[in-house]
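Spelled out from the first residue to the last, the chains are:
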Amino acid sequence: MQADNIMEHFNLIVVGLGAMGAATLYQAAKQGAQVLGIDRFQPPHTQGSTHGETRMTRLAVGEGPQYVPLVKRSHEIWQALTEETGQPLLYLCGLYTTAPKGTGGAGHYGDFVDRVAEIAEAQNLPYERLTAAEVRQRHPAYNVPDSNDAILDPNGGVIDCEAAVQVQLQLAQQLGAKALFNTMVVDVVPESSGVQVKTAETTFTADQVVVAAGGWVRSFLPNRLHSHFCVTRQVIYWMEVDDPAPFAPEHFPAMIWPGLTDDEYLGVFPMLPNRTPGLKVQTEKRNLDSNPDTVDREVSEAELNEFVDVAMRDKVKGVKQKCLSAKVCLYTETPDHHFVVDHHPDSDRIIVVSPCSGHGFKHSAALGEGVAQWALNGQSQIDLSAFSW
Ligand SMILES: Cc1cc2nc3c(=O)[nH]c(=O)nc-3n(C[C@H](O)[C@H](O)[C@H](O)COP(=O)(O)OP(=O)(O)OC[C@H]3O[C@@H](n4cnc5c(N)ncnc54)[C@H](O)[C@@H]3O)c2cc1C
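Small disclaimer: the values here were computed from a predicted structure and weren't measured.

A. Spotlight on unusual backbone geometry. Going from Pro-43 to Pro-44, the amide bond is cis rather than trans, its omega being -5 degrees. Position of Pro-44 relative to the elements: it lies in the loop between strand 2 (35-38) and strand 3 (54-57). Of note in this structure, Arg-313 is not a glycine but carries a positive phi near 35 degrees. Residue class for Arg-313 comes out partly exposed when judged on its relative accessible area of 47%. Even without glycine at this site, Cys-356 takes up a positive phi of about 75 degrees. When you line up the elements, Cys-356 lands in the loop between strand 19 (347-353) and helix 7 (364-377). For Cys-356, a relative accessible area of 0% gives the class buried.

The following block contains the structure:
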């Protein structure tokens, strides 16, 4: 290596500036650290896991009690960011979960309605268990059958995910962070005195590195850990509606609607003002491990038709069978669907923040804060120990 190729030294370099990396960069800059963020694209972009305008959030997190402090703190951070910048980020329109009675839904959603209620009870969070008829009465667009259970998290809703990334990157730079976009990190090399972060042109050095590379995380890990992560192609659809008014976040909660098979899963998002026309809906597919560089980004007529027949069916009234727009996005999941936020197996100077198994955005602001504290101060205020390898 040529000495003249070695650039500035930083307290912290963040590799990947999507949901997790943007939050980490912002929080580290807020702490006054000298920090550099590098991304191979210009976030927010449409190649990773953080596009499609909105992500659901809920305080009664059925995935487990370890997530509740993260989402609570994330809500506080987004609200503070909105106060500071005037940019709305969090829409607390409420969030329903409904699933066939006695099952809670297919796959890892098993007993999800009960698990949401248990978490809410244990954490003293408000919730309402509702019959299908009560859901239909309150929100006639939701055509929930009598064979389903339902629960409402009044503190749930949606986050404007791309604006959240944008705001955190802007504030980070205003606080002195450097950001390099359209620059790929080709290697991260730990040494006894620091870490080298190499791009095609330059080698940077840092005391600490956070790898938040989303669906590309495996390229920074030894082969033996690749099986910890599976990347799957997911499609988001925007369907034409008869009238947008009933779907505004002021009076339309989001919905998690698992079915008896994975393919029946439906997620429904309220329509934020001045966005992609149509009601945003999605299903989940977990059949193929994908490479983010080669995954098919086109959505075929056949898969749209399958989505309409199997996942949408007649679940939401006032929605036409016409798709106005569709985008491919990536889940990166661990086998148990939990997060990995831990040191790299080869170095205590590198923290890996996993892409968080398809349910990470709602926790990202607090994860960024905790990871920045951990990297810079050796410990985080929020407990991240549940997310070790
Ligand atoms: C369709 C869909 C729906 C979802 N719904 C929800 C939801 O409702 N609620 C929720 O909480 N979560 C949801 N999630 C999950 C959530 O969006 C993710 O957990 C989160 O966005 C992952 O963020 P990330 O920072 O890990 O990845 P990304 O945002 O993809 O960021 C990774 C970044 O790393 C960069 N990068 C990669 N390799 C390199 C390299 N070599 N050099 C430089 N940069 C690099 C990439 O360009 C990218 O910008 C959903 C995900 C999808 C796909």
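B. Spatial organisation of the nonpolar core. Counting 71 residues, the largest nonpolar core has Trp-78, Val-341 and Leu-384 as its most contacted members. If one sorts the elements of this core by residue count, helix 5 (residues 161-174) sits on top with 8 residues. Looking at which domains feed residues into this core, each of domain 1 (3-50 + 162-228 + 337-387) and domain 2 (95-154 + 230-333) supplies at least three. Contacts of Val-341, omitting those with residues within four sequence positions, involve Val-352, Val-353, Leu-367, Val-371, Trp-374, Leu-384, Phe-387 and Ser-388. Ranked by size, the runner-up nonpolar core spans 30 residues in total, among them Ala-132, Leu-279, Val-308 and Met-312.

C. Up close: the sheet that holds strand 3. Strand order in the open sheet formed by 3 strands is 3-8-4, with antiparallel pairing between adjacent strands. Edge positions in the open sheet fall to strand 3 and strand 4 (90-91), since each of these has one partner strand only. Across 2 bridges, the pairing between strand 4 and strand 8 (residues 157-160) is antiparallel. Looking at strand 8, one finds that Tyr-91 is bridged to Val-158. Helix 5 contacts strand 3 and strand 8 of the sheet and is inclined by roughly 45 degrees relative to strand 8.

D. Inspection of the site of the ligand at higher detail. Residues in close proximity to the ligand total 34 residues, the closest being Asp-39, His-45, Thr-50, Met-56 and Pro-355. Here an oxygen atom of the ligand sits 2.9 Å away from a polar atom, N or O, in the main chain of Met-20. At 2.7 Å, a side-chain N or O of His-45 approaches an oxygen atom of the ligand. Going through the elements one at a time, helix 1 (19-30), strand 3 and strand 17 (319-333) are the ones with two or more residues in the shell around the ligand. Taken together, domain 1 (3-50 + 162-228 + 337-387) and domain 2 (95-154 + 230-333) each give at least three residues to the shell around the ligand, which thus spans both.

Rules and cut-offs
- Residues numbered from 1 in each chain as written.
- Predicted model: local features only at pLDDT ≥ 70, side-chain atom pairs only at ≥ 80, totals over all residues.
- Heavy atoms only, no water.
- Helix = DSSP H or I, 4+ residues; strand = E, 2+ residues; numbered from the N terminus.
- Buried < 20%, exposed > 50% of the residue type's maximum accessible area, 1.4 Å probe, protein only.
- Core = buried A, V, L, I, M, F, W, Y, C linked by side-chain atoms within 4.5 Å.
- Domains from an automatic or database assignment.
- Contact = heavy atoms within 4.5 Å.
- Pairing = 2+ DSSP bridges.
- Axes fitted to C-alpha atoms, helices over the stretch in contact; angles between N-to-C directions.
- Near = heavy atom within 4 Å.
- Polar contact = N/O pair within 3.5 Å; in protein donor to acceptor, adjacent residues only side chain to side chain.

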